[in-house]
Amino acid sequence: MSNARVVTMHYTLTDESGEVLDSSAGGEPLQYLEGAGNIIPGLEREVQKMQIGEKKKVKIQAAEAYGEKREDLVVTVQRTQFPADAKLKVGDRFRGGSDDHSPVFTVLSIEGEEITLDGNHPLAGKDLNFDVEVKEVRPATEEEVSHGHAHGPHGHHHH
Ligand SMILES: [Zn+2]
């Protein structure tokens, strides 16, 4: 029997300047399975210390959030590596492979035939602020543990 728990919480994510980047407010709260890497490690550790009904502001350093920016993930490739009909422009984002876990690249610049791509997460290198409210904590079911994610109140569904 596992001791894993499923946590349900509302959160609002803001960056250093206070701009809201993401929020569950007004929608379904976020549910995650502890210890399964469902959310960023720094946030999971902070929420683990909270009680049901507790509200808290937590600041997560970049290294404990989406990691520091890695220069080796910034690469320059030739336009010929893309399909001839690909319409690329700065700011475009695309997945570098066919499965859901392939890194996402952002087009940083296009100079002639050279295209510079950034494989860092858009939030890499950023310290993040979360306003968290813990709504519910319950033991995870065997099925949730074996799937590595929480199942919502409306039964079993996958994203
Ligand atoms: Zn499942």
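Before reading further, recall that the structure is shown in the block above.
These remarks concern the structure in this document.

How each quantity is defined
Counting starts from 1 at the beginning of each chain's written sequence and moves along it residue by residue. Residues qualify for local features only when their pLDDT is at least 70, as the model is predicted, and side-chain atom pairs are given and counted only at 80 or more; totals for whole chains, interfaces and linings, by contrast, use all residues. Heavy atoms from the whole structure form the basis of all side-chain values; hydrogens and water molecules are not counted. We call a set of buried Ala, Val, Leu, Ile, Met, Phe, Trp, Tyr and Cys residues a nonpolar core when their side-chain atoms join them within 4.5 Å. For every residue, the accessible area (1.4 Å probe, protein chains only) is compared with the maximum for its type, and the residue is labelled buried under 20%, exposed over 50%, or partly exposed between those bounds. Helix and strand assignments come from DSSP, with helices taken as H or I runs of at least 4 residues and strands as E runs of at least 2, each series counted from the N terminus. Two strands form a pair only when DSSP identifies at least two bridges running between them. Think of a salt bridge as a Lys or Arg side-chain nitrogen and an Asp or Glu carboxyl oxygen that are within 4 Å of each other. For every element, the axis is a line fit to its C-alpha atoms; helices are fit only across the contacting stretch, and the angle between N-to-C directions ranges from 0 to 180 degrees. We call two N or O atoms a polar contact when they sit within 3.5 Å, provided that within protein one can donate a hydrogen and the other can accept it, with sequence-adjacent residues counted only if both atoms are side-chain atoms.

**Let's talk about the nonpolar core**
- Among the nonpolar cores identified, the biggest contains 18 residues, and Met 9, Leu 43, Val 47, Phe 130 and Val 132 are the most heavily contacted of them.
- Mapped onto this core, the elements with two or more residues apiece are strand 1 (5-14), helix 1 (41-48), strand 4 (55-60) and strand 9 (128-139).
- Among the nonpolar cores identified, the runner-up in size contains seven residues, and Phe 82, Leu 88, Val 107 and Leu 117 belong to it.

**Here's the deal with the pairing of strand 1**
- Of all 10 residues in strand 1, nine are buried, a share of seventy percent or more.
- With 10 bridges connecting them, strand 1 and strand 9 associate as antiparallel partners. Along strand 9, the bridge assignment pairs His 10 with Glu 133.
- Relative to strand 3 (residues 30-33), strand 1 is paired through four bridges, and the arrangement is antiparallel.

**Things to note about the pattern of salt bridges**
- Enumeration over the complete set of coordinates arrives at 11 salt bridges.
- For Lys 59, the salt bridge is made with Glu 16, and the minimal N-O distance between the two is 3.0 Å. You can see Lys 59 sitting in strand 4 and its partner Glu 16 sitting in the loop between strand 1 and strand 2 (20-23), a full 43 residues away along the chain.
- On the accessibility criterion, Lys 59 (45% relative accessible area) is partly exposed.
- Note that Glu 64 and Arg 45 form a salt bridge whose closest N and O atoms lie 2.8 Å from each other. Taken together, the positions of Glu 64 in the loop between strand 4 and strand 5 (74-78) and Arg 45 in helix 1 put the pair 19 residues apart, joining distant regions of the chain.
- A network of salt bridges, in which partner residues are shared, links Glu 46, Lys 49 and Lys 56.

**Brief notes about the sheet that holds strand 6 (residues 93-95)**
- As summarised here, the arrangement of the four strands in space is 5-8-7-6, forming an open sheet in which the pairing is antiparallel. The sheet is open, and its two edges are formed by strand 5 and strand 6, each paired on a single side. When strand polarity is set aside, the average angle formed by the axes of neighbouring strands in this sheet is 35 degrees.
- Judged from the five bridges that link them, strand 7 (residues 104-111) and strand 8 (residues 114-118) form a sheet pairing that is antiparallel. What sits directly across from Thr 106, in strand 8, is Asp 118.

**So, the side chain of His 151**
- Mapped onto the secondary structure, His 151 falls in the segment after helix 2 (142-147).
- Within polar-contact distance, the side chain of His 151 engages the side chain of His 147 at 3.2 Å.
- Here His 149 takes part through its side chain, which lies 3.3 Å from a polar atom of the side chain of His 151.

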